[in-house]
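Each chain is listed here by its residues.
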Amino acid sequence: MRGTFVRALSFVRQLTCVIALVFPGAALAQMTLADGTVVIGNDRGGVIRDRLIELRTLRASGQPVQIKGRICYSTCTMLIGLPQTCVSANTTFGFHGPSYYGRPMEPDDFDHVSRVMAHYYPEPIKTWFLKEGRNRINGLYRISGSELIRIGVKSCTS
């Protein structure tokens, strides 16, 4: 029985990798390995409310999180603030401020949501985001995983 499960898990991992290569924006941006590690790959972000639920769940579980995909954009970047997260030097992180589906928010809402997002960033990303990063709602500030590692985010290789 255990052998069948391990083979099935291996097949699912291989299929997930193939889907991620063929359809880089595919919904399969996350998988959990047999040891409980959550691997994030090619995550374009999403609704902040949903990401906050995921962040609370991951923080409570203590599961290791590895961001290893080609990209981690928008709300995906909030994962770097979890103490159990590491990043790949090869991943590109895309930051932008909050919006209402691409449209500007009311100033008070914008400030509140920006601060909620910044809460999940380690320094100095938090300070940069509140001063500059949040002001772009169209397009992205792209920062390499190697740059994040250089400023103190944990590398998946260490």
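Residues numbered from 1 in each chain as written. Predicted model: local features only at pLDDT ≥ 70, side-chain atom pairs only at ≥ 80, totals over all residues. Heavy atoms only, no water.

Student: How do you make sense of the sheet that holds strand 2 (residues 38-40) when you look at a structure like this?
Tutor: Hydrogen bonds between backbone groups are what pair the strands of a sheet, and the pairing can be parallel or antiparallel. Taken together, the four strands give an open sheet; going across it, the order is 1-2-3-5, and neighbouring strands pair in mixed fashion. Strands with a single pairing partner mark the edges of an open sheet, and in this sheet they are strand 1 (30-32) and strand 5 (85-87). Strand-to-strand, the axes of this sheet are offset by a mean angle of 20 degrees, without reference to chain direction. Relative to strand 2, strand 1 runs antiparallel, the two being bridged by three bridges. Following the sheet pairing, Thr32 is matched in strand 2 by Val38. (Pairing = 2+ DSSP bridges. Helix = DSSP H or I, 4+ residues; strand = E, 2+ residues; numbered from the N terminus. Axes fitted to C-alpha atoms, helices over the stretch in contact; angles between N-to-C directions.)

Student: Whenever I open this one, helix 2 (residues 48-61) confuses me. Can you help?
Tutor: One turn of the α-helix equals 3.6 residues, which is why residues spaced by three or four share an orientation. Along its 14 residues, helix 2 runs 20 Å from first to last C-alpha, staying within 8% of the 20 Å computed at 1.5 Å per residue. Among the residues making up helix 2, those that are buried are Arg51, Leu52, Glu54, Leu55 and Leu58. The buried residues of helix 2 occupy one face: seen down the axis, they fall within an arc of 165 degrees. Opposite the buried face of helix 2, by more than 90 degrees, sit the exposed residues Arg49, Arg56 and Ala60. Residues of helix 2 that are buried in the fold lie against strand 1, strand 2, strand 3 (65-67) and helix 3 (107-119). Positive backbone phi, at 75 degrees, marks Gly62, one or two positions downstream of helix 2. (Expected span 1.5 Å × (residues − 1). Buried < 20%, exposed > 50% of the residue type's maximum accessible area, 1.4 Å probe, protein only. Arc of directions from axis to C-beta. Contact = heavy atoms within 4.5 Å.)

Any functional reading would require information that these geometric values do not contain.
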